[in-house]
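So the chains spell out like this:
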Amino acid sequence: MAIMNIREAISSTLMAEMERDSSIIVLGEDIVGGAGTAGGPEAIGGIWGTTPGLYAKFGADRVIDTPISESAIIGAAAGAALAGKRPVAELMFADFVGVSLDQLWNQMAKFRYMFGGKTRCPAVVRLIYGAGMNTAAQHSQSVYAMLTAMPGLKVVLPTTPADAKGLLTEALRGDDPVMFFEHKTLYGVKGEVPDGEHRQRFGEARMVREGGDATVVACGRMVNFGEKAADKLAADGIGIDLIDLRTTSPLDEEAILDSVEATGRLIVADESPPRCSLAADIAALVAAKAFTSLKAPPQMVTGPHAPIPFARELERAWVPSPQKIEDAVRRALAFR
Amino acid sequence: MQLPRDELIGAYRRMATIRAFEERLHEEIKTGEIVGFTHLYCGQEAAAVGVCDHLTDEDMIVSTHRGHGHCIAKGCDVKAMMKEIYGRRDGLCKGRGGSMHIADLSVGMLGANGIVGAGAPQAVGAAIAARLDGKGRVGLAFSGDGACNQGTTFEAMNLAVVVKAPAVFVFENNHYSEHTGDSYAVGTSNDIASRAEAFGMRAWRADGCDYFDTYEAMRELLDYVRAGNGPAAIELDTERFYGHFEGDPQRYRGPGEVDRLRETRDCLKAFRARVGEAKLLDPADLDRVDAEVAQLIEEAVTEARAAPPPDPADVAQDVYVDY
Amino acid sequence: MAKLKPFPMPKWGIEMSEGTIAEWLVEENRPFDKGTLLTLIETDKITNEVEAEAPGRFVRIIAKAGETYPVGTLLAVLSDGGEASAAEIDAVVAAFKPADSSFEPDTPVPSPAPVPAPAATPAPPPVPDDVAISPAARARAADAGVDVTGISGSGRGGRITAQDVDQAARAPTEPHLAGPYPLSPGGTAFASPMARRLATLHAVALDEITGTGPRGRIRKADVLARLADAAPPPPAPGEITVTPMSSMRRTIARRLTEAKSTIPHFYVRRRVRADRLLALRAAVQGQRPSVNDYLVKACALALREVPRLNIQVHGTEIHRFASADIAVAVATERGLVTPIVTAADQRSLADISATMAALAQRARAGTLKLEEFTGGSFSLSNLGGFGVEQFDAIINPPQGAILAVGTARPEPIDDDGAIRIVPVLHLSLSCDHRAIDGADAGRFMVALAALIEQPELL
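Residues numbered from 1 in each chain as written. Chains lettered and ligands numbered in written order. Predicted model: local features only at pLDDT ≥ 70, side-chain atom pairs only at ≥ 80, totals over all residues.

Asker: Tell me about the overall build of chain A, and name the residues and values.
Answerer: Counting its secondary structure elements, chain A contains 12 helices and 14 strands. Whereas a compact globule of 336 residues would reach a radius of gyration of roughly 20 Å, chain A reaches 20 Å, a difference of no more than 12%. Over its C-alpha atoms, taken along the principal directions, chain A stretches across nearly 65 × 45 × 40 Å. Burial statistics for chain A: of 336 residues in total, 65% are counted as buried. Restricting to contacts in chain A with at least 6 residues of sequence separation, those with at least 24 account for 78%. (Helix = DSSP H or I, 4+ residues; strand = E, 2+ residues; numbered from the N terminus. Rg over C-alpha atoms; globule rule 2.2 N^0.38 Å. Buried ≥ 20, exposed ≤ 12 C-beta atoms within 10 Å, placed from the backbone. Contact = placed C-beta atoms within 7 Å.)

Asker: Any details on the overall build of chain B? Residues and values, ideally.
Answerer: Tallying secondary structure elements over chain B gives 12 helices and 7 strands in all. Taking 323 residues into account, the globule formula puts the C-alpha radius of gyration at 20 Å, and chain B, at 19 Å, falls close to it. When the backbone C-alpha atoms are referred to their principal axes, chain B occupies close to 60 × 50 × 40 Å. Looking at the 323 residues of chain B, the share that counts as buried comes to 59%. In chain B, once contacts between residues fewer than 6 apart in sequence are set aside, the share between residues at least 24 apart is 73%.

Asker: Give a detailed account of the environment of R364 of chain C, specifying residues and quantitative values.
Answerer: Residues and elements named next belong to chain C. Here R364 is to be found in helix α9 (residues 349-365). R364 gets classed as partly exposed once you count the C-beta atoms within 10 Å, which come to 15. Sequence separation between R364 and V77 is 287 residues; the distance between their C-alpha atoms is 64 Å.

Asker: Report on the packing of helix α1 (residues 5-29) of chain B against helix α11 (residues 267-277) of chain B, specifying residues and quantitative values.
Answerer: Residues and elements named next belong to chain B. Relative to each other, α1 and α11 sit at 160 degrees, their axes nearing to 10 Å. Judged on the interaxial angle alone, α11 and α1 are roughly antiparallel. For the pair α1 and α11, the sense of crossing is left-handed. In contact with L8, Y12, M15, A16 and R19 of α1, α11 contributes C267, L268, F271 and V275. Across the contact of α1 with α11, the residue classes break down as 8 nonpolar, no polar and 1 charged. (Axes fitted to C-alpha atoms, helices over the stretch in contact; angles between N-to-C directions. Parallel < 35°, antiparallel > 145°, perpendicular 65-115°, else oblique. Left-handed = near helix turned anticlockwise from the far one by under 90°. Nonpolar A, V, L, I, M, F, W, Y, C, P; charged D, E, K, R; others polar.)

Asker: An account of the interface of chain A and chain B is needed here, citing residue identities and associated values.
Answerer: Interfaces are often described in size by the accessible area the parts lose on coming together. At the interface, 37 residues of chain A touch 39 residues of chain B. Of all the secondary-structure elements, those providing two or more residues to the side of chain A that touches chain B are α4 (97-108) and α11 (312-318) of chain A. Element by element, the count of residues in the side of chain A that touches chain B is highest for α11 of chain A, at 5 residues. Of the residues assigned to the side of chain A that touches chain B, the class counts are 19 nonpolar, 13 polar and 5 charged.

Asker: So, the packing of helix α4 (residues 193-201) of chain C against helix α5 (residues 220-230) of chain C: which residues are in play, and what are the values?
Answerer: Residue and element names in this part refer to chain C. Remark: α4 packs on α5, axes separated minimally by 7 Å, with the N-to-C direction vectors making an angle of 25 degrees. Taken together, the axes of α4 and α5 lie roughly parallel to each other. Together, M194, A195, L198 and A199 of α4 and K220, D222, V223 and L224 of α5 make up the contact between the two elements. Residue classes in the contact of α4 with α5 are distributed as 6 nonpolar, no polar and 2 charged.

Asker: Describe the domain arrangement of chain A, naming the residues involved and giving the relevant values.
Answerer: All names here are of chain A. What the domain assignment reports for chain A is domain 1 (2-193) and domain 2 (206-334). Summarising the inter-unit geometry, the C-alpha centres of domain 1 and domain 2 are found 27 Å apart. At the interface, 24 residues of domain 1 touch 24 residues of domain 2. Broken down by secondary-structure element, the contributors of at least two residues to the side of domain 1 that touches domain 2 are α6 (144-148), β6 (154-156), α7 (161-173) and β7 (178-183). Grouping the amino acids of the side of domain 1 that touches domain 2 by side-chain chemistry returns 12 nonpolar, 10 polar and 2 charged. (Domains from an automatic or database assignment.)

Asker: Mind laying out the environment of M100 of chain B, listing which residues take part and the relevant values?
Answerer: Mapped onto the elements, M100 of chain B comes out in the loop between α4 (78-85) and α5 (119-133). Between the alpha carbons of M100 of chain B and H65 of chain B there is a distance of 5.0 Å; along the sequence they are 35 residues apart. Discounting residues that sit within four places of it in the chain, M100 of chain B has contacts with A136 of chain A together with F37, H65, A112 and G114 of chain B.

Asker: Tell me about the sheet that holds strand β4 (residues 47-51) of chain C, and name the residues and values.
Answerer: Residue and element names in this part refer to chain C. Judged by pairing direction, the sheet is antiparallel, and its 4 strands sit side by side in the order β4-β3-β2-β6 without closing on themselves. Edge strands, defined here as strands with exactly one partner in the open sheet, are β4 and β6 (68-70). Within this sheet the neighbouring strands show an average axis-to-axis angle of 35 degrees, counted without direction. As paired elements, strand β3 (residues 37-42) and β4 share 5 bridges and run antiparallel to each other. If you follow L40 over to β4, its bridge partner there is E49. (Pairing = 2+ DSSP bridges.)

Asker: Got a sec to walk through the pairing of strand β7 (residues 74-79) of chain C? Specific residues and values, please.
Answerer: Where a strand is regular, its side chains alternate between the two sheet faces. Bridge count between strand β1 (residues 4-8) of chain C and β7 of chain C: 5 bridges; the pairing is antiparallel. Counted as the bridge partner of P8 of chain C is L74 of chain C from β7 of chain C.

Asker: Could you give me a rundown of the nonpolar core, with the residues and numbers involved?
Answerer: If you look at the biggest cluster of nonpolar residues, it comprises 224 residues, and the most contacted ones within it are V125, V216, I267 and V329 of chain A. What I267 of chain A contacts, discounting residues up to four positions off in sequence, is A214, T215, V216, Q299, V301, I325, A328, V329 and A332 of chain A. Within the second largest apolar cluster, 55 residues are counted, among which are I326, A393, A404 and L427 of chain C. (Core = buried A, V, L, I, M, F, W, Y, C linked by C-beta atoms within 7 Å.)

Asker: Let's hear about helix α8 (residues 291-305) of chain C: which residues, and what values?
Answerer: Because an α-helix packs 3.6 residues into every turn, residues spaced three or four apart end up facing the same way. All names here are of chain C. The terminal C-alpha atoms of α8 lie 21 Å apart, and with 15 residues this matches the ideal 21 Å at 1.5 Å per residue to within 8%. Here α8 lies mainly inside the structure; 12 of its 15 residues are buried. All of the buried residues along α8 are V291, N292, D293, Y294, L295, V296, K297, A298, C299, A300, A302 and L303. (Expected span 1.5 Å × (residues − 1).)

Asker: Describe unusual backbone geometry, and please don't skip the residues or the numbers.
Answerer: Residue P250 of chain A is reached from S249 of chain A by a cis peptide bond, and omega for that bond is 0 degrees. Looking at the secondary structure, you find P250 of chain A in the loop between β12 (247-249) and α9 (253-263). Of note, the amide linkage connecting P397 of chain C to P398 of chain C takes the cis form, showing an omega dihedral of 10 degrees. Here A136 of chain A, not a glycine, exhibits a phi torsion of approximately 65 degrees, which is positive. Inspection of the secondary structure assignment puts A136 of chain A in the loop between β5 (124-129) and α6. The class for A136 of chain A is buried, based on 28 C-beta atoms found within 10 Å. Located in the positive-phi region is K279 of chain B, a residue other than glycine, with phi close to 55 degrees. For K279 of chain B, the position within the fold is in the loop between α11 and α12 (283-306). By the C-beta count within 10 Å, which is 7 here, K279 of chain B ends up exposed.

Written as C-alpha cells, this is what we have:
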C-alpha cells in the first residue's frame with residue numbers, strides 16, 4: 001500500500017497502463033502543454049497535473065496535445081477506439097461535453113448497438129467536473145446524470161485514490177466507452193492505494209459508513225460530504241448507511257434497495273439541479289421497488305433548479321453541503 | 001488619417017482604462033479576495049478599442065473568456081464590472097456571472113463566454129437580426145487563435161457567407177491558445193485570416209498592437225460589411241502580457257519573453273510615441289488621462305470591496321423570465 | 001515615504017488552497033531588484049519560485065520557512081524601496097484581511113466592510129388571504145382542524161400539500177434509533193454490502209457461498225439461504241415445524257409460569273402527559289438520552305419516595321433495597337433479557353443512558369455477565385417502540401413490581417380546563433399483592449406521574 005492522492009493515483013495508473021498496453025493513447029487540450037512555445041512541450045502536464053511525464057515517456061504518437069476542439073477530441077477518440085486502439089480523451093472541464101455531445105451521445109454510445117454487436121468502442125473520456133471553486137455556470141457542472149441516461153456509456157466517479165486507480169484500470173481493460181468523472185476539489189484527497197494491479201469492478205457500490213437509521217446514497221464529492229454528516233449524526237446516536245455508488249452506470253441497485261429495506265429512509269445527495277437528476281432517478285427506483293419499506297418520503301439533497309452562480313455566497317447556497325445532508329437525514333427521521 | 005483630438009484622447013482613455021483595470025486585478029487577485037477564473041486582456045488593448053471605436057451601442061459584439069477589454073471598449077460600466085468580478089450584488093450581472101460572463105445588452109455587449117468558440121455563431125445570429133432591423137448594424141465576434149480551431153467557428157463563418165449576413169469575425173491572435181503556441185495549434189500556421197478567405201469572405205490583416213493600424217483596417221472592413229457585401233474577417237496580430245488565467249505559472253514562456261513584449265509590443269507606448277511624433281497630443285494631456293483613469297480604478301476597487309454581497313436566498317432568481 | 005503593500009500567499013493553478021514556504025531567499029530590509037528570487041513555495045503539485053515583479057524590499061517577513069499557510073495569508077510586507085516605521089508596517093498588517101480560499105460550502109463567507117444602510121425597506125406584505133394549498137390538503141386541514149398558516153409548504157412555490165397537513169396534524173415522534181454499525185470488513189469476495197454485513201453478523205464465510213447475482217455476485221438472499229440451510233428446514237405447506245426450546249427459552253418459560261401462577265398480581269393504570277418530557281429531550285444538545293432512559297430515572301426517584309415498592313419477595317420475607325436497582329427488559333434474538341441499572345436513583349441521566357446503551361448492546365451480543373442481569377428491585381418494560389398503546393406485564397420474580405409502558409400517542413387532555421392534544425403515555429403497574437397494597441401502588445403512580453409531567457425534576 002502506498003499513500004497518494006487522487007491526482008497521483010490517476011497519473012500513475014495512466015503511466016502503468018500505457019506501459020502495459022501499447023494500444024492506449026491519450027489526447028486532450030494542454031495534456032502536454034506548451035507545444036509550439038519557447039518553453040517547449042511538457043511545460044504543463046495537464047492543467048490538473050494528471051498527465052505529467054507521459055509525453056517524455058511515450059512521445060507524440062501516443063500522447064497527443066490537441067487544439068481547443070472538443071468535438072474533434074471526442075470524435076477522434078471514438079474513431080481510434082473503433083480502429084482498435086484504447087484512447088483516453090480528456091475534457092478539461094466536463095461542461096465542454098456540450099461542445100462534443102454528438103460524438104459522445106449519437107456516436108460512441110451507440111456504435112455497438114447500431115452495428116449489431118459487431119464492434120467495440122473502448123474509449124475512456126476523463127471529465128473534470130464539479131462546483132466549489134467559483135468557476136461559475138460554464139465550468140462547474142456535474143453532468144454525470146445526463147451521461148448516465150445514455151444507453152451505451154458507462155459512468156464512473158472515483159472518490160478515493162484506491163478507487164481512482166481501480167476504476168481507471170477497469171475502464172482501460174474493459175471494451176465499452178467509459179465516462180470517467182474527476183471532481184476538481186478532490187484531486188488532493190489522500191489515501192492508501194494497493195500496489196500492483198488493482199481493478200475495481202463497475203456496479204459495485206462501496207459502504208462508507210454503516211448504520212441502521214437511514215440510507216444516504218451519494219457519488220463524487222457528495223460522498224465526502226456524507227461522511228462529515230455521518231460523523232455529526234453518529235454523535236447523536238443516529239447511524240446511516242452511506243453508499244458511495246462508484247459508478248452510476250451500471251448502478252448497484254441491490255446495495256441501495258437492501259439498505260433501504262433495512263433502514264426505511266432514503267436520502268440522495270447529488271451535486272446537480274434536482275430535475276431528471278441522479279437523485280430523482282434513485283428516489284424513483286426506491287419508490288418503485290422498496291415502497292413498502294419506506295418510513296419517510298425520499299429526501300433529495302441537490303442544488304436548486306438554477307445554473308451554478310459565481311459569487312461565493314451564491315455558490316455556497318447552491319451546492320449541497322454536509323449540513324444539508326445532515327438536515328435531510330433528520331427530516332426523514334422526524335417524519336411521522 | 002486624421003482623427004479629431006477628442007477621439008484620440010478617448011481612444012487613449014479606453015486603452016489606458018483596460019490596462020489599469022487589468023493591472024490592478026493582477027494585484028488584487030493575489031490577495032485571494034477575487035475568486036474563480038480571471039483571464040487578463042493586458043497587451044491586447046489596441047485590438048478591442050481599435051475595433052469597438054467604430055461601433056455604436058446598436059452594433060452587437062460577442063466576446064470571449066478574456067473579455068474585460070471588449071467590455072470596456074464597448075462601453076460597459078467599469079465600476080459595475082469591478083463589482084461583478086468581486087462577486088457583488090450590484091455587479092453588472094448581480095454576482096452570478098463573474099469575470100468570465102460579463103454582459104451588458106444595453107451597450108450591445110452580448111456577453112463574455114466561458115466556452116471557447118461559442119461566440120461566433122451567436123454573432124451571425126446578431127448579424128441576421130441587425131439586417132432585419134435595417135439600420136446598417138453588424139454582429140461581431142471576437143475570437144482568438146484558440147477559438148479559430150473550433151468547429152462552431154467554421155460553421156459560423158460558412159453560414160455567414162451563405163446567408164450574406166453582416167457579420168464580422170475578429171481573430172485576435174495572441175499566439176497562445178491557453179498554454180499552447182499558435183505555431184502548433186493553428187494548422188495554417190500564423191495565418192487565421194486565410195481560413196476566413198477559404199470560406200469565401202474577404203479578410204483583412206492588421207497589427208493588433210497598433211491602434212491606428214487596427215482602426216484603419218476596421219474602417220475599411222466595416223464600410224464593406226455595412227454596404228451589404230456580406231461577412232468579413234480580420235486577423236489582428238497581438239500579444240498576451242499575462243498567463244492564460246491568473247495563477248498560470250507560465251512555464252511555457254521563453255526567458256525574458258514578457259519583458260521583451262512589454263518593451264517592443266506595448267500598444268499604449270506605441271500610441272504615445274505616434275501622437276507625440278505627429279504632435280497630435282501633448283504628453284501632459286495623456287498624463288492627465290492616466291491620472292483620471294488611475295482615480296477611476298481606485299474608486300472602482302474601493303467601492304467593489306465595500307459593496308454588499310448577494311443574498312444567498314436569490315440563488316435561483318433570474319433563471320427564467322417567467323416560470 | 002515608502003509605499004507598503006501586503007505580500008500574501010499566492011494562488012497558482014486552479015485548485016491551490018495552501019502553500020508551504022520552503023525557504024525565504026532574501027532577508028528582511030535587504031533591497032532587491034526586479035526578477036530577484038524572493039521565496040520558494042511548495043504546493044502539493046510543485047515548488048514554485050516567486051520572483052520580484054518590481055524592485056523593493058521586505059520590511060517585515062511574517063511567515064516562517066517550513067510552515068504551511070492558506071492562500072491569501074499575509075506572508076510579508078513589501079516596500080517599493082525605502083524603509084518604513086514599525087507603526088506603518090503594523091498598520092498594513094492590521095488592515096490586511098485574508099481572503100477566504102476555502103472550498104467548503106458550509107463555511108460562511110467573510111462579509112465585506114459595512115456599507116451605509118440602504119433606504120428603509122418597505123414592511124413585508126401582510127399574509128395573503130389565499131394560502132397556496134392543494135384541494136386535498138385544504139379538505140384534510142378542515143377535517144383535522146389544522147391551522148395551515150404556520151405550515152411551510154413543500155410544494156412548488158411553497159404550496160401546502162396533503163402530506164404537509166398530515167405531518168402538522170400528527171404529534172412529533174421519536175424514532176427508535178438503531179445507531180451506527182461497525183463497517184463490515186471488505187474482503188475479496190464479490191458480494192453486495194448487505195451480504196457482507198449479514199455474513200459478518202452470523203459468522204458465515206463468504207467464499208464458501210456461490211453468488212446468484214449478476215456476474216456471480218453474492219446477494220443478501222444467498223447469505224440468508226446459507227443460514228437457512230444451517231437452521232432446520234422450513235415447514236412444507238400444511239406441515240408444522242417442531243423445534244425444541246433453547247435452554248434460555250425454557251428458563252424464561254419456567255420463571256414466568258411460576259410468577260403468573262403463584263403471585264397474586266394486581267394492576268394499577270394511569271395516563272401521563274409526555275409533551276414536556278419529549279420537548280425537554282428534544283432540546284438536549286449532543287448525545288440524547290432515550291425516552292426509556294428518562295423513565296428509568298423517573299421510576300428510580302419514585303421508588304425513593306415510595307420505598308415499599310423497592311423490594312424483593314422471598315417466601316414470607318420482604319427484602320427492601322437501599323438503592324433503586326432497575327431491571328430493564330431488552331428483546332434479543334434469543335429472547336427476553338433484563339439487564340439491571342444499579343442504583344439508578346443515584347445516577348445522572350447521562351450515566352443511565354450510557355450504562356443502558358452498554359448493557360443493551362451486551363444483552364444483544366449475549367455477553368452480559370451473570371451479575372448484570374440477576375437481582376434488581378423493580379422492572380421496567382417498554383413496548384412503545386412497537387407502537388403498543390398499553391399492556392400489562394408479568395412480575396419478574398423475586399421483584400415486587402413491574403411497570404409496563406406503551407407508546408406516546410396524541411390524545412386530548414384537560415390542561416387547566418382547556419382541552420389540548422398532546423402526546424400521552426399509558427402506564428400499567430403490576431404489583432405483588434402479598435407485599436404491596438393498592439394505596440402504595442397509587443402513591444407510586446402519583447410520584448411517577450409528577451416526575452414525567454415535570455421532567456425538569458429528573
